[in-house]
Amino acid sequence: MTSTDQVQSSVEDQVRQLGDARALVLADPIYWTQVLHGILPIVSGPVVELRRWGADFLAETFSTPVVDANEKQNLAVTCLDTMVRLMDEKEAGILKSVLQCSASVYPLIFRYICNNRDDQATWDKMDAIKSKILSLWDSGPVGVRLGCIKFVQRVILVQSRGVTDPRLADRSEISLAMVPTNHPVLSLPALDAEAQGLLDRLLSILHEDPCDPTLVTATLNNLSAIVKTRAPLAHKILSAVMSFNPLAIVAKANTVGNRLMMQCMEKTVRILLLNIARANQNGPYTAKISQHIQRLSQAKTEVLEELSRKRPAPPQETEAIKRMKVENQVVQQGQVQTAITPTPTPPPAPALPQQQAITGPMSLAQLYTLSTDVAMTSFDGQQLPIDLVLQIIIGSIYSMSQHNLDAAISAVRNRYAALMAYAPPVPVTSTPVPPVQGGQVASLGAEETQKEPLDGAEVPKEEKEEEVEEEEEERELLQLGKFSLPPPFPLSPQETHEIGLEAIERMFAVVDQFDKTSLISRKSKLGANRLAASNWDREGWITVLTRLATRGMGSMPEGPTAVEKVENGSEASLPLMIAPSALSTAIREKLYNFVIADFRGRMDVAVSWLNEEWYNDQVMAKTQANREPQYRKWMMKVMDGIFPFLESKDRLFMRLLSEIPEVTVELMQKVKMLCLDPDRAMLGIQMLHYLAMLRPPVRNICMDVLEDLYQNHHEVRGQAQKLLQKWRPEALAAIDSGEQDKDKNSVNGNGIGVIVQRNGTPVN
């Protein structure tokens, strides 16, 4: 065994022996003083594990009520040197325990100094600890700063005057009233001024920008004791609390975390003010507190309604898309500017001479084009949007003079007359005119010139009918051919994904436009016979979105097989789990955010979506054994997003638990944690009662949770006992009999056989 292993084994043995000593003092507090004196040299040594254990034990020593107050005071004086050394630690866990211990020790040292006027050294040590704690208040981690706030609260309570009436004063209370006026170590004006300064610094946390919700909540929780026991400071504290706006954090950034912090801070402020008002119902601040609580509740309701009406922010565009849009806008603005700016009309081309022979057909573009510029004649006007073409035409008409317009019309007329005069005759059996291609129009020279009757001879009736039939055939031949749109340009997978996301965004925008209707007030009440989306209302669009997420996009296997190494080093080829497509996952994320943004008003959306997920998992499990299930994953994610925002009045949430297709053990564990929250314990118990009564398949899971609560958590034992007595009385009887047997064994035992060895002398 190496030296490092030996040292590690020695440290583990020492920690185990210290744990045995702690178990001894917890069983019999009479040994507490002896054990504490014996471990002080050990816990201040170089081993960090021992220092961590010692800091925790010191904090437990001065916070436990089993040790006498006078004995604690003597122990506090003994432990000051160890606490001064532990204050130089860098580990946050050790510092938090030392801060907790310092908050408990400070009143004891203060009372000791009041009674021992000449012990300047002890007060200097306590003052050094106080200075280090105040320096950590601004620079330490969040957990350390929370401990500093608790210590500052104790300092303010100790260094301020309590109840002035001696008939109402608590003799065990430690305050500035204990200090004699001529004390050589403690100065009354200096201590009072320091307490006022620390209170101002503590209240400034409520108005910091940006504020830290964790520090704000800790500050509010520590102000309650100061208001109740220090009446002269109540006005300043209440003014600061009432001027604090816990709803402002959402105005900066509307995120799930900020909304949760807003509700926590608002709830803490409301509880603080209610406790202050209940403690003195006839006090001068009761009416003002009641009005402020009403205003705060109304403001919170308005903020939540406003957040539920707001649509989620559109996804941020990439730099390439932004650059492309800016360039297109610049080009279009340049084209519009060019179209609006009047340009001189080119002089009309001279009319075609009569002797010029026209040997071939002429298109409409050649007939009406007067410009001789090659660039203009080769430009395809079909590339321009129709709106831009109309702007160019209107601008040109307004800027053209009447003389230039007449000259252009005359030139085109002469060119058309020359074309018709020199066009060769076309026989009756002419070929059809080809369809439009490349922006060119069919030739005009292909028309057959009508034959004039010779010398006024009469045309027979049969010839007239033949001529009419020929004219009709020519009209049919001159019509445009069959036109078909060109095929779309191929898109890359990334472009396809972005276009799909834009379509989904528009669908969610349509859903936001509909009014919220409850499940009871809907018209479609046909049950299983109704169509999933008979109308294009809010329910229909939600059905389309949920089925697009679950069925419409399919699944994408990441690869045909996966290679996994087994224990003997060989490789085994295993099929990979088929994961959902990226677009399907994106739709699910948007549905999740849509539900969480206002889960009280969109609970029907969550029910519809989760039912579709469960049904699709059941169907696909029959055809794709290696498909990744989605119901449990997204159901737990939805519950994780909803549970932190639940309040005791949210009994409608029980309907969500009753309508989802499957209730899992993991979900019941979340309900169990809800039962352990003092503010929401009744809601959790009602959920278990509701599910056990109206959903028999999950009754056993509910009873397992209630049995665990009854056995391990005494604060909810009464509520759990009523439900267990109804549905699982045998478990209740077994637990009670087991506890009775345990009590008999503890009474009939031979006593504690633990011996602590201190200074080589065994102590029984």
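Positions within a chain are numbered from 1, following the residues in the order the chain's sequence is written. Only residues with pLDDT of at least 70 are given local features in this predicted model, and only at 80 or more are side-chain atom pairs given and counted; all residues enter the totals for whole chains, interfaces and linings. Remark: hydrogens and water are excluded; side-chain values derive from all non-hydrogen atoms of the structure.

## Quick notes on the overall build of the protein chain
Strands are runs of DSSP state E lasting at least 2 residues, helices are runs of H or I lasting at least 4, and numbering of each runs from the N terminus. Secondary structure assignment for the protein chain yields 30 helices and 6 strands. Burial classes: relative accessible area under 20% of the type maximum marks a residue as buried, over 50% as exposed, and values in between as partly exposed (1.4 Å probe, protein chains only). The buried share of the protein chain, taken over its 764 residues, is 34%.

## Some points on helix H5 (residues 92-115)
Here the expected length of a helix is defined as 1.5 Å per residue gap, with one fewer gap than residues. The end-to-end C-alpha distance of H5, which contains 24 residues, comes to 35 Å, matching closely the 34 Å that a straight helix rising 1.5 Å per residue would cover. What we call the bend at a residue is the angle made by axes fitted to the seven residues finishing there and the seven residues starting there. At Val 105, H5 shows its maximal bend, which comes to roughly 35°, and the proline Pro 107 appears one to four places after that position. Where burial is concerned, most of H5 is hidden: 19 out of the 24 residues are buried.

## A closer look at helix H9 (residues 213-229)
Structurally, the α-helix is built with 3.6 residues per turn, so residues lying three or four positions apart point the same way. For H9, with 17 residues, the first-to-last C-alpha span of 26 Å sits near the 24 Å given by 1.5 Å per residue. Listing the buried residues of H9 in full gives Pro 213, Leu 215, Val 216, Ala 218, Thr 219, Leu 220, Asn 222, Leu 223, Ser 224, Ile 226 and Val 227. Buried residues belonging to H9 abut helix H7 (142-158), helix H8 (188-203), helix H10 (234-242), helix H11 (248-252) and helix H12 (256-279). Residues are treated as being in contact if the distance between any of their heavy atoms lies within 4.5 Å.

## Remarks on the pattern of salt bridges
Counted as salt bridges are all cases of a side-chain nitrogen of Lys or Arg within 4 Å of a carboxyl oxygen of Asp or Glu. Under the definition given, this model contains 29 salt bridges. For Asp 138, the salt bridge goes to Arg 201, with nearest N and O atoms at 2.6 Å. Here Asp 138 is found in helix H6 (residues 120-139), whereas its partner Arg 201 is found in helix H8, with 63 residues between them in sequence. Judged by relative accessible area, which is 56%, Asp 138 ranks as exposed. Classification of Arg 201 as partly exposed rests on a relative accessible area of 27%. Glu 266 is the salt-bridge partner of Lys 300, the closest N and O atoms lying 3.4 Å from each other. One end of the pair, Lys 300, is in helix H13 (residues 286-309); the other, Glu 266, is in helix H12, and 34 residues separate them in sequence. Lys 300 gets classed as buried once you look at its relative accessible area, which sits at 9%. Overall, Glu 266 belongs to the buried group, its relative accessible area being 2%.

## Structural notes on the packing of aromatic side chains
What counts as a ring pair is set by centres within 6.5 Å for rings of Phe, Tyr and Trp (its six-membered ring), and what kind of pair is set by the plane angle: stacked under 30 degrees, edge-to-face over 60, tilted for all other angles. One pass over the full model with this rule turns up 8 aromatic pairs. The interplanar angle of 75° and the centroid separation of 5.7 Å between the aromatic rings of Tyr 106 and Phe 151 together place this pair among those described as edge-to-face. Taken together, the residues Tyr 106 in helix H5 and Phe 151 in helix H7 connect sequence positions 45 residues apart. With a relative accessible area of 0%, Tyr 106 lands in the buried category. Judged by relative accessible area, Phe 151 falls into the buried class, the value being 0%. A ring pair is formed by Phe 643 and Phe 653, whose centres lie 5.4 Å apart and whose planes are at 85°; its orientation type is edge-to-face. One end of the pair, Phe 643, is in the loop between helix H24 (631-642) and helix H25 (653-659); the other, Phe 653, is in helix H25, with 10 residues separating them in the sequence. Take Phe 643 and Phe 653: they sit in the same class, and that class is buried.

## A few points about the packing of helix H22 (residues 582-597) against H24
Between H22 and H24, whose axes approach to 10 Å, the crossing angle comes to 30°. In terms of orientation, H22 lies roughly parallel with respect to H24. The handedness of the crossing between H22 and H24 is right-handed. The residues of H24 that touch H22, namely those facing Thr 585, Arg 588, Glu 589, Tyr 592 and Ile 596, are Trp 634, Lys 637, Val 638, Gly 641 and Ile 642. For helices, the fitted axis covers only the stretch in contact; all axes are lines through C-alpha atoms, and the angles between them, taken along N-to-C directions, range from 0 to 180 degrees. Any angle from 65 to 115 degrees is called roughly perpendicular, while one under 35 is roughly parallel, one over 145 is roughly antiparallel, and all others are oblique. Note on convention: the crossing is left-handed when the near helix lies turned anticlockwise from the far helix by less than a right angle, right-handed when the turn is clockwise.

## What about the confidence of the model for the protein chain?
The predicted coordinates ought not to be read in detail in places where the model reports low pLDDT. One confidence number per residue, pLDDT, is output by the predictor and ranges from 0 to 100. Taken over all residues, the pLDDT of the protein chain has a mean of 76, while the share at 70 or more is 73%. A low-confidence stretch, residues 330-359 (pLDDT under 50), is modelled with 27 contacts involving residues beyond four sequence positions or located in other chains. Here residues 557-575 is modelled with pLDDT under 50, and outside its nearest four sequence neighbours on either side it reaches 24 contacts, counting other chains as well.

## Regarding a nonpolar patch on the surface
Patch membership requires more than 30% relative accessible area and the absence of a salt bridge. Residues of like charge join within 9 Å; the nonpolar side chains Val, Leu, Ile, Met, Phe, Trp and Tyr join within 5 Å. To be clear on the numbers: accessible area is Shrake-Rupley with a 1.4 Å probe, and residue cover counts the displayed protein chains and nothing else. On the surface, Ile 386, Leu 390, Ile 393, Ile 394, Ile 397 and Tyr 398 cluster together into a nonpolar patch covering about 700 Å² of accessible area. On the secondary structure map, Ile 394 appears in helix H17 (residues 386-399).

## A short note on a negative patch on the surface
His residues and chain termini do not enter the charge count, which takes Lys and Arg as positive and Asp and Glu as negative. To locate a charge, take NZ of a lysine, CZ of an arginine, CG of an aspartate or CD of a glutamate. A contiguous patch of negative charge, built from Glu 466, Glu 467, Glu 469, Glu 471 and Glu 472, is present on the exposed surface. Mapped onto the elements, Glu 466 comes out in helix H19 (residues 461-478). Glu 466 sits in the partly exposed class, given a relative accessible area of 46%.

## With respect to the state of the cysteines
In what follows, a disulfide is any cysteine sulfur pair within 2.5 Å. As enumerated under the stated definition, the model contains 0 disulfides in all. We note that Cys 675 lacks a disulfide partner, and the nearest cysteine sulfur, in Cys 702, lies 9.8 Å from it.

## A word on the environment of Lys 670
Mapping Lys 670 onto the fold places it in helix H26 (residues 665-675). Assessed through its relative accessible area of 25%, Lys 670 is described here as partly exposed. The spacing of Lys 670 and Gly 684 is 14 residues in sequence and 9.2 Å in space, taken between C-alpha atoms. Setting aside anything within four residues of it in sequence, one finds Lys 670 in contact with Met 636, Met 639, Asp 640 and Phe 643.

## Focus on the environment of Arg 85
Of note, Arg 85 is situated in helix H4 (residues 69-86). Overall, the relative accessible area of 46% leaves Arg 85 in the partly exposed class. Along the sequence, Arg 85 and Ser 44 sit 41 residues apart, while their C-alpha atoms lie 7.3 Å from each other.

## A few points about the environment of Ser 297
Mapped onto the elements, Ser 297 comes out in helix H13. The exposure class assigned to Ser 297 is partly exposed, which follows from its relative accessible area of 36%. Separated by 31 residues in sequence, Ser 297 and Glu 266 place their C-alpha atoms 8.7 Å apart.

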